[in-house]
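Here are the chains, one letter per residue:
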Amino acid sequence: NVQVAGDTPPHTVLVRNIPPELNNFANLSTHFERFGVVSNIRVQHASRTALVTFQNGFEAHQAINSPDAVCGNRFISIEIAEADADHK
């Protein structure tokens, strides 16, 4: 279970299983900006994850509930980031 730092806003989503060629700011912002204002993206190459912070929770939930594959890759998963432990 991947968890994130305690200062993570509740409107942050955790994106997992991102292939290295897709795990960059340009690809992730292009995909997620369609759901609302993206205020921060933290790419984590070693764990093949990223944290995407939206302006509000509604936008984060729109991204999670979208039927569209993240960056066109159906193996990439997305969920609300848990904000109560260190990221592993």
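Just above, that's the structure.
Residues numbered from 1 in each chain as written. Predicted model: local features only at pLDDT ≥ 70, side-chain atom pairs only at ≥ 80, totals over all residues. Heavy atoms only, no water.

K.L.:
Just checking my understanding: could you explain the side chain of E59 for this structure?
P.N.:
Here E59 shows up in helix 2 (residues 57-65). Polar side-chain contacts of E59 include one of 3.2 Å to the backbone nitrogen of Q55. Excluding residues within four positions of it along the chain, E59 makes contact with F35, G36, V37 and F54. (Helix = DSSP H or I, 4+ residues; strand = E, 2+ residues; numbered from the N terminus. Polar contact = N/O pair within 3.5 Å; in protein donor to acceptor, adjacent residues only side chain to side chain. Contact = heavy atoms within 4.5 Å.)

K.L.:
Please clarify how the sheet that holds strand 1 (residues 12-16) should be interpreted in this entry.
P.N.:
Within a beta sheet, neighbouring strands are joined by backbone hydrogen bonds and run either parallel or antiparallel to one another. Judged by pairing direction, the sheet is antiparallel, and its four strands sit side by side in the order 2-3-1-4 without closing on themselves. The sheet is open, and its two edges are formed by strand 2 (38-44) and strand 4 (77-80), each paired on a single side. Within this sheet the neighbouring strands show an average axis-to-axis angle of 20 degrees, counted without direction. Note that strand 1 and strand 3 (residues 49-54) share four bridges and pair antiparallel. Across the sheet, the residue bridging to V15 is A50, located in strand 3. Along the sheet, helix 1 (residues 25-32) contacts strand 1, strand 2, strand 3 and strand 4; its crossing angle with strand 2, the most-contacted strand, is approximately 140 degrees. (Pairing = 2+ DSSP bridges. Axes fitted to C-alpha atoms, helices over the stretch in contact; angles between N-to-C directions.)

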